[in-house]
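# Analysis of the macromolecular model
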Amino acid sequence: MNTQADTFVETLVIGGGPGGTPAAMALAQSGRGVMLVEAGQGLGGTCLFSGCIPSKIFRETAFRRHEAARASEFGLGNTPSVLPEVNWSTVQSRRHRILAQRSGGALAKASGLKRLEVVFGRARLTGPRSAVIERAGEPIRTVQFETAILSTGSVPSPLPVPGADLPGVLDSDKLISIGFVPESLVLVGGGPIGIEMAQIFAQLGTKVTVLEAAPRILGPVDATLADLLAHHLTDFGIALETGVKLTKIDGVEDAHQVHYTRDGKDHSVNAQVVAIVAGRHPNVAGLGLETTAVKHGPHGINVSETLETDEPGLFAIGDVVGNPMFAHWATAQAHAVARHILGQPAAFPRPEHNSAVIFSSPEIGMVGLTEEAARASGDKISVAEYDYRIDARAQITGETLGRLRIVYRDDDHRVLGIHVLAEGAADLMGEAALAVRNGLTLEQIAASIHPHPTLTEAFGITALSALAQPPRG
Ligand SMILES: Cc1cc2nc3c(=O)[nH]c(=O)nc-3n(C[C@H](O)[C@H](O)[C@H](O)COP(=O)(O)OP(=O)(O)OC[C@H]3O[C@@H](n4cnc5c(N)ncnc54)[C@H](O)[C@@H]3O)c2cc1C
Ligand SMILES: NC(=O)c1ccc[n+]([C@@H]2O[C@H](COP(=O)([O-])OP(=O)(O)OC[C@H]3O[C@@H](n4cnc5c(N)ncnc54)[C@H](O)[C@@H]3O)[C@@H](O)[C@H]2O)c1
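The rules behind these values
Here the residue numbering is sequential within each chain, running from 1 through the sequence in written order. Ligands are numbered from 1 and chains lettered from A, in the order in which they are written. Confidence filtering applies because this is a predicted model: local features only for residues at pLDDT of at least 70, side-chain atom pairs given and counted only at 80 or more, and all residues used for totals across whole chains, interfaces and linings. Hydrogens are left out, water is left out, and the side-chain values use all remaining heavy atoms of the structure. The set of buried Ala, Val, Leu, Ile, Met, Phe, Trp, Tyr and Cys residues whose side-chain atoms join them within 4.5 Å is what this entry labels a nonpolar core. With a 1.4 Å probe rolled over the protein chains alone, any residue whose accessible area is under 20% of its type maximum counts as buried; one over 50% counts as exposed, and the rest are partly exposed. Each helix corresponds to a stretch of at least 4 residues labelled H or I by DSSP, and each strand to a stretch of at least 2 residues labelled E; elements are numbered beginning at the N terminus. One fewer than the residue count of a helix, multiplied by 1.5 Å, yields its expected span. Contacts are residue-level and defined by heavy atoms, with any inter-residue pair within 4.5 Å sufficient. Each axis is a line fitted through C-alpha atoms, taken for helices only over the stretch in contact, and angles between the N-to-C directions span 0 to 180 degrees. When an angle is under 35 degrees it counts as roughly parallel; over 145 it counts as roughly antiparallel; between 65 and 115 it counts as roughly perpendicular; any other value is oblique. Note: crossing handedness is left-handed where the near helix turns anticlockwise from the far helix by less than a right angle, and right-handed where it turns clockwise. In the scheme used here, Gly and all other residues not listed as nonpolar or charged are polar, with Ala, Val, Leu, Ile, Met, Phe, Trp, Tyr, Cys and Pro taken as nonpolar and Asp, Glu, Lys and Arg as charged. The working definition used for a salt bridge is a side-chain nitrogen of Lys or Arg within 4 Å of a carboxyl oxygen of Asp or Glu. Any two cysteine sulfur atoms within 2.5 Å of one another count as a disulfide. UniProt positions are given in the numbering used here, feature names are shortened, and annotations may be inferred rather than shown by experiment. Being near a molecule or strand, for a residue, comes down to having at least one heavy atom within 4 Å of it. By the criterion applied in these results, polar contacts are pairs of N or O atoms within 3.5 Å in which, for protein atoms, one can donate a hydrogen and the other can accept it, and in which residues neighboring in sequence qualify only through two side-chain atoms. For the accessible areas, the method is Shrake-Rupley and the probe is 1.4 Å, while residue cover comes only from the protein chains on display. Note: domain ranges come from an automatic or database domain assignment.

### A closer look at the nonpolar core
General note: in soluble globular proteins, nonpolar side chains tend to be found buried as a group. In this structure, Leu-175, Leu-187, Phe-201, Val-208, Leu-218 and Ile-364 are the most contacted members of the largest nonpolar core, which totals 36 residues. Take this core: its biggest share by element is six residues, from helix α6 (residues 192-203).

### Concerning helix α3 (residues 52-68)
Over its 17 residues, α3 extends 24 Å from the first C-alpha to the last, a length consistent with the 24 Å expected when each residue adds 1.5 Å. Every buried residue of α3 is accounted for by Pro-54, Ser-55, Ile-57, Phe-58, Arg-59, Ala-62, Phe-63 and Arg-65. On its buried face, α3 sits against α2 (45-50), α4 (88-111), α5 (172-176), α6 and β21 (363-368).

### Overview of the packing of α3 against α4
Here α3 crosses α4 at 140°, and the two axes come no closer than 10 Å. The pairing of α3 with α4 is recorded here as oblique in orientation. Of the two elements, α3 crosses α4, and the hand of that crossing is right-handed. Only Trp-88, Val-91, Gln-92, Arg-94, Arg-95, Ile-98, Leu-99 and Arg-102 of α4 make contact with α3, whose side of the interface consists of Ile-53, Pro-54, Ile-57, Phe-58 and Thr-61. Here the residues of the contact of α3 with α4 sort into eight nonpolar, two polar and three charged.

### Here we look at the pattern of salt bridges
Applying the stated criterion across every chain, the model contains 24 salt bridges. Between Arg-405 and Asp-222 there is a salt bridge, and its shortest N-O distance comes to 2.8 Å. Highlighted residues: Arg-405 in strand β23 (residues 403-409) and Asp-222 in the loop between β10 (207-211) and α7 (223-236), separated in sequence by 183 residues. Of the residues examined, Arg-405 reaches a relative accessible area of 6% and is grouped as buried.

### Quick notes on the state of the cysteines
Enumeration according to the criterion identifies one disulfide in this entry. At a sulfur-sulfur separation of 2.2 Å, the disulfide partner of Cys-47 is Cys-52. The chirality of the disulfide connecting Cys-47 with Cys-52 is left-handed, given an S-S dihedral of about -130°. For Cys-52, a relative accessible area of 25% corresponds to the partly exposed category.

### Focus: the UniProt feature "active site" (unreviewed entry) in the protein chain
Here, UniProt's "active site" (unreviewed entry) annotation points to His-452. Residue placement: His-452 occurs in the loop between α12 (442-447) and α13 (457-467). Apart from the residues within four sequence positions on either side, His-452 is in contact with Ala-392 and Glu-457.

### So, the site of ligand 2
The environment of ligand 2 is made up of 21 residues, and the closest members are Glu-196, Glu-212, Gly-279, Met-325 and Val-357. Contact between ligand 2 and Pro-192: an oxygen atom at 3.3 Å from a main-chain N or O atom of the residue. The separation between a nitrogen atom of ligand 2 and a polar side-chain atom of Glu-196 is 2.8 Å. Expressed as a share of its isolated accessible area of 850 Å², the protein-covered part of ligand 2 is 76%. In terms of residues, the shell around ligand 2 owes the most to one element, α6, which gives three residues. Composition of the shell around ligand 2 by domain shows at least three residues from each of domain 1 (7-155 + 281-349) and domain 2 (169-278).

Next up, the structure:
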């Protein structure tokens, strides 16, 4: 095998997802010599190619189809509309087009930076300051560096259950690439992927079952909101089975039987397609960590508060560091670590300020602590609630299933967490993130003028009504 002579770079970034790409660009923009190595088809990582973006492209189609059936409610036609037929190949072509546009845009932006070289290939560390880059049909490149950022993301976790490795049993990557809308689908796992996919396919006409091991779906989400959503999913016809233990999957390509126990009793469910969406684990395989002092476990690579690994000068960010696994979290870590490497003051993101959206229908948005986590901290806390059934905007759009929950400290009224179930919650989370990150109080939220009629009015109304309550004795 040919080997190219050594290249020296100041920083090597391994992995071009929402963690690695912005880190490499921020460093290069500040004049540091950077090489960004990506093993996949383009820049964008899991988020772009098999995660956030494709799943939301599918959601858009599913949601619009579902909405079309409600046209007569809004005075369009006199009878409930016939559900539009799904042209799945158009949906998949649309996905490919958006992906190509976004990865092309990222590459063009990166290529415009003089100090950044983007290399497509697989990187493997060969020591604390060296790596090789391999790409089929090309000479191996060897690289030496001063610092490196490991941002290799995560991969779907397989389940140790007989039949889970049958060729027809999919993971989320394969479900995203599916060539047809299945008649029936079993999703093993009721986390964000399982719930988003359940609703997407149910709205496209698939008979969906979700098998979740825990007593409820969406474990880390506010329990009241997760419960409201679970009832809504069940009303829609999705079978939600919680507290299950998967025992076996049987079947051939197009017909599967999933066996499980619940409360000691045996059950089974048939489906054309089975997808295992029961979590992801950090991607460290083949990265050559054994040639360095970097330590890692099932949770991911061990890092300090400044995201430095046990090998000084080697940093790790994003999914490869473990939970939480979100694109915006990886990007926030990227910016902080880039500033740190540049010797600038850096605010490393803190879990209690993180935000997330589950793209269910209605969406669930969350920032900061849940009620349970806030109470566990020992502070006296209260929760101010708002029911979107009374909301002007929600009544206008006809999407009145919703709840806002503001978790705040009793003594100084500081807001610790904001949790929203509402169609449109995703775009309310900017205000929520600002409030929690900056330690705003109910008084400050109540004093902010919220435009009418919008879903965000609820923030002001809820803060005002909590302040109008008599103080707790
Ligand atoms: C179905 C699904 C839906 C999701 N939806 C959302 C959502 O709506 N919002 C959200 O915030 N998050 C969502 N996520 C999570 C989100 O995709 C991840 O948290 C995010 O992509 C993590 O970014 P990262 O840069 O750490 O890793 P990744 O995006 O996984 O990127 C890692 C990159 O490293 C490359 N790589 C790996 N090994 C090597 C190597 N040895 N050499 C070179 N390159 C290598 C990979 O090819 C990959 O491109 C979703 C995930 C899934 C699976
Ligand atoms: N909207 C978003 O931001 C979004 C969307 C999708 C995924 N993600 C991220 O991607 C990551 C992976 O998502 P995920 O939903 O696969 O993982 P997850 O770990 O969040 O949820 C997995 C679910 O599967 C269940 N489970 C585990 N083993 C099981 C078994 N044997 N049988 C039945 N159920 C089992 C778990 O109890 C859990 O509820 C998450 O960390 C999430 O943050 C984010």
